[in-house]
Amino acid sequence: MLTWDHLEAACKACRKCALWETRTNVVFGVGRRDAEVLFVGEGPGENEDKQGLPFVGRAGELLTDMLRMIDLDRDRDVYIANIVKCRPPHNRDPLNTEQEACMDWLRYQYRLIRPKIVVCLGRIAAMAMIKPDFKITQEHGKWFDKDGVKFMAIYHPAALLRDLSRRPETFVDLKNLQAMIRQVCSNTPLKEETK
Ligand code: URA
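Because the structure is predicted, anything quoted here is derived from the model rather than measured.

## Side note on the site of the ligand
Then comes step 1: Taken together, the residues surrounding the ligand are G41, E42, G43, E48, P54, F55, N82 and H156.
Then comes step 2: In this structure, an oxygen atom belonging to the ligand sits 2.7 Å away from a main-chain N or O atom of E42.
Then comes step 3: Interatomic distance of 3.0 Å between a backbone N/O atom of G43 and a nitrogen atom of the ligand.
Then comes step 4: Bound to the protein, the ligand loses 92% of the 230 Å² it would expose on its own.
Then comes step 5: When atom positions are compared with the pocket grids, the ligand is found to occupy the largest pocket.
Then comes step 6: A class-by-class count of the residues in the shell around the ligand yields two nonpolar, four polar and two charged.

Below you can see the structure in the form of structure tokens.
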């Protein structure tokens, strides 16, 4: 039986692609290991690489605020991981070969967590998790069902830092997520809707 401890140790020793040569830390993931809601980003940036934790830079602060907006606590209520666990140099997009080499770690995490809802943060995560031709501008906020698990993508918080005009539609997507959590989740605490 694969355990979290085995998985984390093996992941942190990974040399399956060349990104191990330039990484400071492997960014495995954080949060509740039996979370019903899994958030998946693209890959670590500079701050994440330094600290070994996902979404701890400016985009991460925004993600924390976005979660708070729908009464979710990033450590207590959800799990946060990335498609690639090591920082691509100069924050370039992860190559397909790097994503393929790394995806098994996320597959194992997914199997251990058994989420009911997966939220992809940005295009790269949506293409890897939902479908290769995912169009973020047209398909953000839409639900996709995969073997009974609900998948949705929202704009990446880094994109929302660059382009404020996308924030209102992301707020709608977050409220849509909150409604779905209320519908399908049992152990994700959300405050009661105020009337
Ligand atoms: N962007 C991501 O996609 N993941 C992180 O962990 C940080 C920034």
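Structure shown, so let's carry the discussion forward.
## Focus: the nonpolar core
Then comes step 1: Formed by 56 residues in total, the largest nonpolar core has its most connected members in F39, M129 and L177.
Then comes step 2: When residues no more than four places from it in sequence are discounted, the contact partners of L177 are F39, I70, I117, V119, W143 and M152.

## A word on the pairing of strand β4 (residues 117-121)
Then comes step 1: Within β4, five of the five residues are buried, which leaves it mostly tucked inside the rest of the structure.
Then comes step 2: Where burial is concerned, the two faces of β4 agree: the one with I117, V119 and L121 and the one with V118 and C120 are both buried.
Then comes step 3: Pairing geometry for strand β2 (residues 37-41) and β4, over four bridges, is parallel. For L38, the partnering residue across the bridge sits in β4 and is V118.
Then comes step 4: Sheet analysis places β4 next to strand β6 (residues 149-154), joined by five bridges and oriented parallel. Note that in β6 the partner of I117 across the bridge is K150.

## A look at the sheet that holds β6
Then comes step 1: In space, the six strands of this open sheet follow the order β1-β3-β2-β4-β6-β5, with mixed pairing throughout. Only two strands of the sheet have a single neighbouring strand rather than two, namely β1 (30-31) and β5 (144-146).
Then comes step 2: Relative to strand β3 (residues 79-82), β2 is paired through four bridges, and the arrangement is parallel. Bridging across to β3, F39 finds its partner in I80.

## A closer look at the packing of helix α1 (residues 4-12) against helix α4 (residues 96-113)
Then comes step 1: Interaxial distance between α1 and α4 falls to 11 Å at its minimum, and their mutual angle equals 165°. Relative to α4, α1 is oriented roughly antiparallel. The crossing of α1 and α4 is left-handed. Together, W4, L7, A10 and C11 of α1 and W105, Y108, Q109, L112 and I113 of α4 make up the contact between the two elements.

## Observations regarding the side chain of K85
Then comes step 1: Looking at the element boundaries, K85 is found in the loop between β3 and α4.
Then comes step 2: Buried charge without a salt bridge: K85, with E8 as the nearest opposite-charge side chain at an N-O distance of 11 Å.
Then comes step 3: Polar side-chain contacts of K85 include one of 2.7 Å to the side chain of Q109.
Then comes step 4: The residues touching K85, leaving out its near neighbours within four places in the chain, are C11, N25, V26, V27, F28, P44, C102, W105, L106 and Q109.

What counts as what
Sequence order as written defines residue numbering, which begins from 1 separately in each chain. Local features in a predicted model are, by the rule used here, given only for residues with pLDDT of at least 70; side-chain atom pairs are given and counted only at 80 or more, and totals for whole chains, interfaces and linings are based on all residues. Hydrogens are left out, water is left out, and the side-chain values use all remaining heavy atoms of the structure. If a single non-hydrogen atom of a residue is within 4 Å of a molecule or strand, that residue counts as near it. In the analysis that follows, any N or O atom pair within 3.5 Å is treated as a polar contact, provided that within protein one partner can donate a hydrogen and the other can accept it, and provided that, for residues neighboring in sequence, both atoms belong to side chains. For every accessible area listed, the method is Shrake-Rupley and the probe measures 1.4 Å; residues are considered covered only by the protein chains on display. Whether a set of points on the 1 Å grid over the protein atoms alone is a cavity depends on a 1.4 Å probe fitting there but being unable to get out, while an open set qualifies as a pocket with protein on both sides within 12 Å along at least five of seven lines; lining residues are those with an atom within 4 Å of a point. Cavity and pocket membership follows a simple rule, namely that a molecule belongs there if more than half of its atoms are within 2 Å of the grid points. Gly is placed with the polar residues, together with every amino acid not listed as nonpolar (Ala, Val, Leu, Ile, Met, Phe, Trp, Tyr, Cys and Pro) or charged (Asp, Glu, Lys and Arg). Among buried residues, the Ala, Val, Leu, Ile, Met, Phe, Trp, Tyr and Cys ones that are joined through side-chain atoms within 4.5 Å form a nonpolar core. Each residue is assigned to one of three classes by its accessible area relative to the maximum for its type, calculated with a 1.4 Å probe on protein chains only: buried under 20%, partly exposed between the two thresholds, exposed over 50%. The criterion used for residue contact is that any of the two residues' heavy atoms lie within 4.5 Å. A run of H or I in DSSP counts as a helix once it spans at least four residues, and a run of E counts as a strand once it spans at least two, with each numbered from the N terminus. The pairing criterion for strands is at least two bridges between them, as found by DSSP. Every angle, taken between N-to-C directions, lies between 0 and 180 degrees, and every axis is a line fitted to C-alpha atoms, over only the stretch in contact when it is a helix. Under this scheme an angle from 65 to 115 degrees is roughly perpendicular, one under 35 degrees roughly parallel, and one over 145 degrees roughly antiparallel; angles in between are oblique. Left-handed describes a crossing in which the near helix is turned anticlockwise from the far one by less than a right angle; the clockwise case is right-handed. The positive count covers Lys and Arg only, the negative count covers Asp and Glu only, and His and the chain ends enter neither. We count a salt bridge whenever a side-chain nitrogen from Lys or Arg sits within 4 Å of a carboxyl oxygen from Asp or Glu.

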